[in-house]
Amino acid sequence: MPVTAETLCTAFRGERRLAAGDALSVARALRAALTAEPDGQPVLVFEDATGKAVDLDLRGSDEEVAWRLSPPPRGPGRPKLGVVAREVTLLPRHWEWLNAQPGGASVALRKLVDEARKGSEAKDRVRRAQEAAYRVMLELAGDRPGYEEAVRALYAADRARFDALTAVWPADLRDYVRALAAEALVNLNEGG
């Protein structure tokens, strides 16, 4: 998904958090920070949902920045329902089975996907949190003390160890990584 004005992001300059919020607000804050301190450390912006580094095009006026962050126009499909047409490649026997289902292939595929999503929702949340936290840790904390052990604790869902290892990290970095990792550090055996 492309970054839009509503995408939640966090910007760092070194170990210091410069801005957090929707992408448009973060872009405006970055423009001000870069104007005030043009020769400072490089700025990294992360999408909060994925931990992926994103590029915000800060050229031009505030209106031009906002225009570039506008959602792209919708393509073919049934936009009022949020339906998007995409290609799916299956073997002939799969198509035969799908077409024989009540409502046809599209309805059957939607039902199968919804069923699979329900069955793996908790695991998917944990995996997404682990991936997001790991991406940010790799970019901002890869040379920090305890980094490798903190990664192991993240994937082992060991909150106490993760918190202990990240305790010595700079506050902004530590707090952001812990927030991203929160879903991954829930003990699923306790119903979390």
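Every value quoted in this text rests on a predicted model; they were computed, and no experiment measured them.

### Remarks on the sheet that holds strand β2 (residues 16-22)
Then, in step 1: Spatially, four strands are ordered β2-β1-β3-β4 in an open sheet, and the strand pairing comes out antiparallel. Both edges of this open sheet fall to β2 and β4 (53-54), since each of them pairs with a single strand only.
Then, in step 2: Strand direction decides the pairing type here: strand β1 (residues 8-13) and strand β3 (residues 43-47), joined by five bridges, are antiparallel. Residue pairing for β3: Phe12 is matched across the bridge by Leu44.
Then, in step 3: Most of the contacts of helix α4 (residues 104-141) go to β3, to which it runs at about 175°, and overall it touches β1 and β3.

### So, the environment of Asp158
Then, in step 1: Tracing the chain through its elements places Asp158 in the loop between α5 (147-155) and α6 (159-166).
Then, in step 2: Residue Asp158 is classed as partly exposed on the basis of its relative accessible area, which comes to 32%.
Then, in step 3: One polar contact links the side chain of Asp158 to the main-chain amide nitrogen of Arg161, over a distance of 3.1 Å.

### Description of α4
Then, in step 1: Ser120 marks the point of greatest bend in α4, at about 65°.
Then, in step 2: Of the positions making up α4, those classed as buried are Gly104, Ala105, Ala108, Val126, Ala129, Gln130, Ala132, Ala133, Val136, Met137, Leu140 and Ala141.
Then, in step 3: Those residues of α4 hidden inside the fold are in contact with β1, β3, α3 (92-99), α5, α6 and α7 (171-181).

### Quick look at the nonpolar core
Then, in step 1: Grouped together as the largest cluster of nonpolar side chains are 24 residues, with contacts concentrated most on Val136, Met137, Leu154, Phe162, Trp169 and Val177.
Then, in step 2: Put simply, the parts of the chain that give this core at least two residues each are α4, α5, α6 and α7.
Then, in step 3: With seven residues, the single largest contributor to this core is α4.
Then, in step 4: If we ignore the near neighbours within four places in the chain, the residues touching Val177 are Ala133, Val136, Met137, Phe162 and Trp169.
Then, in step 5: Grouped together as the second largest cluster of nonpolar side chains are 14 residues, Cys9, Val26, Val45 and Val54 included.

### Focus: the packing of aromatic side chains
Then, in step 1: Evaluated as defined, the whole model comprises four aromatic pairs.
Then, in step 2: Measuring from ring centre to ring centre gives 6.4 Å for Phe12 and Phe46, while their planes differ by 70°; the resulting arrangement is edge-to-face. Placement of the pair is Phe12 in strand β1 and Phe46 in strand β3, with a sequence separation of 34 residues. Like Phe46, Phe12 is buried.

### Topic: the pattern of salt bridges
Then, in step 1: Applying the stated rule across the entire model yields 13 salt bridges.
Then, in step 2: Taking the shortest distance from any N to any O, the salt bridge between Glu37 and Arg13 comes out at 3.7 Å. Here Glu37, found in the loop between α1 (23-36) and β3, pairs with Arg13, found in strand β1; they are 24 residues apart in sequence, far enough to count as distant.
Then, in step 3: Overall, the relative accessible area of 4% leaves Arg13 in the buried class.
Then, in step 4: Put simply, Arg31 and Asp62 hold a salt bridge, and the shortest N to O gap is 3.1 Å.

### Some points on the environment of Leu34
Then, in step 1: Relative to the assigned elements, Leu34 resides in helix α1.
Then, in step 2: As for Leu34 and Leu58, which are separated by 24 residues in sequence, their C-alpha atoms are 10.0 Å apart.
Then, in step 3: Those residues within four positions of Leu34 in sequence are excluded, and the remaining contacts are Arg13, Val43 and Leu58.

### Notes on the pairing of β1
Then, in step 1: β1 sits mainly inside the fold: five of its six residues count as buried.
Then, in step 2: Two strands pair when backbone bridges link them, and β1 and β2 are joined in this way by six bridges, in the antiparallel orientation. Across the sheet, Cys9 pairs through a bridge with Gly21, a residue of β2.
Then, in step 3: Remark: two residues form the turn of the hairpin made by β1 and β2, two consecutive strands paired antiparallel; Gly14 in that turn has positive phi of roughly 70°.

Conventions used here
Residues numbered from 1 in each chain as written. Predicted model: local features only at pLDDT ≥ 70, side-chain atom pairs only at ≥ 80, totals over all residues. Heavy atoms only, no water. Pairing = 2+ DSSP bridges. Helix = DSSP H or I, 4+ residues; strand = E, 2+ residues; numbered from the N terminus. Contact = heavy atoms within 4.5 Å. Axes fitted to C-alpha atoms, helices over the stretch in contact; angles between N-to-C directions. Buried < 20%, exposed > 50% of the residue type's maximum accessible area, 1.4 Å probe, protein only. Polar contact = N/O pair within 3.5 Å; in protein donor to acceptor, adjacent residues only side chain to side chain. Bend = angle between axes of the 7 residues up to and from the residue. Core = buried A, V, L, I, M, F, W, Y, C linked by side-chain atoms within 4.5 Å. Phe/Tyr/Trp six-rings, centres within 6.5 Å; stacked < 30°, edge-to-face > 60°. Salt bridge = Lys/Arg side-chain N within 4 Å of Asp/Glu carboxyl O.

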